[in-house]
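The residues making up each chain are set out below.
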Amino acid sequence: MSDYFIYYSSINLVGFIIFGIMLAHDRIGIDRQEKQLKYDRTLMAFMAYFLTDSVWCAVDSGLLPNNTVTVLLTSFANYVVMTAITYTWLQYVMALEQLPKRNKPISQVAIITPFLVSVAVLIVTYFVAPGALIDEQLKTKPAFDVFLVCVPYIYIVAVIIYVAKKAMKEENAKEKRKHLYVGLIPVVTVIGGLMQMILMPELPIFCFSATILMLGFYIQSMDGQISTDPLTKLNNRGQLERYVSQSSNLRMEGRKTFVVMMDVNDFKKINDTYGHAEGDAALVIVAQSLVNVVKRHNFPLFLGRYGGDEFVLIIHTLDNEELESVVGEIRESVGKKCKEDEKPYVISMGIGFDELLGVQDTIQKCMQRADGKLYLDKEYCKLNGKSTILN
């Protein structure tokens, strides 16, 4: 039985260390957003579960006294921490999805009530009728299993509802996948726990599933922070530099490569007139419009935010007509999106583009030429009354 404990607890220890590394990385950083703090609480809840589960294994294997009291206490601890995992994950999802009333006292009471009530009922049952929870062989009965999954599933259903609503409204495919992944994590994790409980109680399937999923989510989140602009959800400048550093991304057999530089005409007027929050909203409109346009075409491309109100598009077309079509669609789509969102302004885009020529040409030179044409286009827009229109 000691071999069983060493095997079981070693796996939990690995999970504890991995989650500890993720937690330490977050705590060392300067990010103290609400969603990050609540994500860290979930990490701590998982770490607490790995510890309590190892103690349970020590009792189950006989390394610690195996009696009614120890079995009940360790099972109770596992239940409390398992529920805490799903509770803290729900809190994280609500912060991530920016639910407007999430921090109101009535909302907090409604969220924590199932957890507190279930814990109270379980404690009363332990003292009044412990035989309803464990049998003569000191194994948990189905009644305890009901406790183990009932309240966590309430929180999981709430998570699924929140992320499903958000995913249905999300236009960005990458963000949509992220929402769905957030909803799947607690589902798959609890399924792993049920498989362990029903099929292989001596194999820590819950630890395996939780560690793999959360590590994958963490890596995905870090990758997003490294390569994605947080406001527009487009590629950031660092990702642009990584893209253009690969020569295979720039010259493709049978295709022309164009660099398109874009920015918002009179963007400063939007900030000065309506404030920086509305300026951010304008940039999001531009980003969404750009995504909608490029999704209608099947040629290879790179789209990103270059900085401020400037965007960059690298496209590999078969001919110049495709490029001109995209440019025209961008101008039309941005203005149309402003009207659909009932904005008090109509955005006009300055656009300049140039072709990447032979092997002696560089992407940096091409971008400079495109940038020069961008400013010529902006002057043309101003002279012809096509700058951003403020109502």
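All figures in this text were calculated on a predicted structure; none of them were measured in a lab. (Residues numbered from 1 in each chain as written. Predicted model: local features only at pLDDT ≥ 70, side-chain atom pairs only at ≥ 80, totals over all residues. Heavy atoms only, no water.)

Engineer: Looking at this structure, how should I read the overall build of the chain?
Structural biologist: Summing up its helical and strand segments, the chain has 12 helices and 6 strands in all. Scaling as 2.2 N^0.38, a compact globule of 391 residues should have a C-alpha radius of gyration of about 21 Å, whereas the chain reaches 28 Å, well beyond that. For the chain, the C-alpha atoms occupy an extent of roughly 90 × 50 × 35 Å along the three principal directions. Going through the 391 residues of the chain one by one, you find that 47% of them count as buried. For the chain, restricting intrachain contacts to residue pairs at least 6 apart in sequence, the fraction spanning at least 24 positions comes to 72%. With the model as given, the accessible surface of the chain reaches about 19800 Å², and the carbon-plus-sulfur share is 64%. (Helix = DSSP H or I, 4+ residues; strand = E, 2+ residues; numbered from the N terminus. Rg over C-alpha atoms; globule rule 2.2 N^0.38 Å. Buried < 20%, exposed > 50% of the residue type's maximum accessible area, 1.4 Å probe, protein only. Contact = heavy atoms within 4.5 Å. Areas by Shrake-Rupley, 256 points an atom, 1.4 Å probe, with all protein chains shown as cover.)

Engineer: For this particular structure, what's the right way to read the pattern of salt bridges?
Structural biologist: Once the charged atoms of two side chains with opposite charge are near each other, the side chains can pair. The full count for this structure, using the stated rule, is 11 salt bridges. The partner of Lys-268 in a salt bridge is Asp-272, and the shortest N-O contact between them spans 2.6 Å. Of this pair, Lys-268 and Asp-272 both sit in helix H9 (residues 267–274), separated by 4 residues, roughly a single helical turn. Like Asp-272, Lys-268 is exposed. For Asp-341, the salt bridge identified is with Lys-337, shortest N-O distance 3.7 Å. On the accessibility criterion, Asp-341 (33% relative accessible area) is partly exposed. Of the residues examined, Lys-337 reaches a relative accessible area of 13% and is grouped as buried. (Salt bridge = Lys/Arg side-chain N within 4 Å of Asp/Glu carboxyl O.)

Engineer: Any chance you could explain empty space enclosed by the protein here in plain terms?
Structural biologist: Over the atoms rolls a probe the size of a water molecule, and in doing so it shows where empty space is left. This structure, assessed with the given rule, holds 1 cavity of 30 Å³ or more. Counted as a void, the largest cavity has a volume near 60 Å³. In terms of lining, the largest cavity is formed by Thr-42, Phe-46, Met-82, Ile-85, Thr-86, Trp-89, Ile-185, Pro-186, Thr-189, Val-190 and Phe-206. Secondary structure elements with two or more residues in the lining of the largest cavity: helix H2 (34–60), helix H3 (68–96) and helix H6 (173–198). Its residues placed into classes, the lining of the largest cavity shows 8 nonpolar, 3 polar and no charged. (1 Å grid on protein atoms, 1.4 Å probe; cavity = no way out; pocket = protein on both sides within 12 Å on 5 of 7 lines; lining within 4 Å. Points joined across faces, edges and corners; volume = space filled by probe spheres on them. Nonpolar A, V, L, I, M, F, W, Y, C, P; charged D, E, K, R; others polar.)

Engineer: Quick question: what am I supposed to make of the state of the cysteines here?
Structural biologist: What makes a disulfide is a covalent bond joining the sulfur atoms belonging to two cysteines. One pass over the full model with this rule turns up 0 disulfides. Free of any disulfide, Cys-57 has its nearest neighbouring cysteine sulfur in Cys-207, separated by 12 Å. A relative accessible area of 3% means that Cys-207 is categorised as buried. (Disulfide = S-S within 2.5 Å.)

Engineer: Teacher, can you tell me more about the sheet that holds strand S2 (residues 301–307) here?
Structural biologist: Neighbouring strands of a sheet are bound in pairs by backbone hydrogen bonds; such pairs are parallel or else antiparallel. Spatially, the 4 strands line up as an open sheet ordered S2-S3-S1-S5, and their pairing is antiparallel. Of all strands in the sheet, those bounded by a partner on one side alone are S2 and strand S5 (349–355). Averaged over all neighbouring strand pairs, the angle between strand axes comes to 20 degrees, with direction disregarded. Inspection of the sheet shows S2 paired to strand S3 (residues 310–317) by 6 bridges, in the antiparallel sense. (Pairing = 2+ DSSP bridges. Axes fitted to C-alpha atoms, helices over the stretch in contact; angles between N-to-C directions.)

Engineer: Is there a simple way to think about the environment of Leu-116 in this case?
Structural biologist: Tracing the backbone through its elements, the reader meets Leu-116 in helix H4 (residues 105–128). Leu-116 gets classed as partly exposed once you look at its relative accessible area, which sits at 48%. C-alpha of Leu-116 to C-alpha of Leu-323: the two residues are 207 residues apart in sequence and 61 Å apart in space.

Engineer: Before we go on, may I ask you to explain the pairing of S3 in this structure?
Structural biologist: Strand residues, when the strand is regular, have side chains that alternate between the two faces of the sheet. Burial of S3 is extensive: 8 of the 8 residues sit out of reach of the surface. On S3, burial covers both faces: Glu-310, Val-312, Ile-314 and His-316 on one face and Phe-311, Leu-313, Ile-315 and Thr-317 on the other are all buried. Of the pairings in the sheet, the one linking strand S1 (residues 256–264) to S3 comprises 8 bridges and is antiparallel in character. Within the sheet, the bridge partner assigned to Met-261 lies in S3 and is Val-312. Linkage of S2 to S3, two consecutive antiparallel strands, is achieved through a turn of 2 residues, within which Gly-308 is found at a positive phi near 60 degrees.

Engineer: Please explain a nonpolar patch on the surface as it appears in this structure.
Structural biologist: Together, Ile-123, Val-124, Phe-127 and Val-128 make up an exposed nonpolar region whose accessible area comes to about 440 Å². Along the chain, Val-128 falls in helix H4. Judged by relative accessible area, which is 66%, Val-128 ranks as exposed. (Patch = residues over 30% accessible without salt bridge, like charges linked within 9 Å, V, L, I, M, F, W, Y side chains within 5 Å.)

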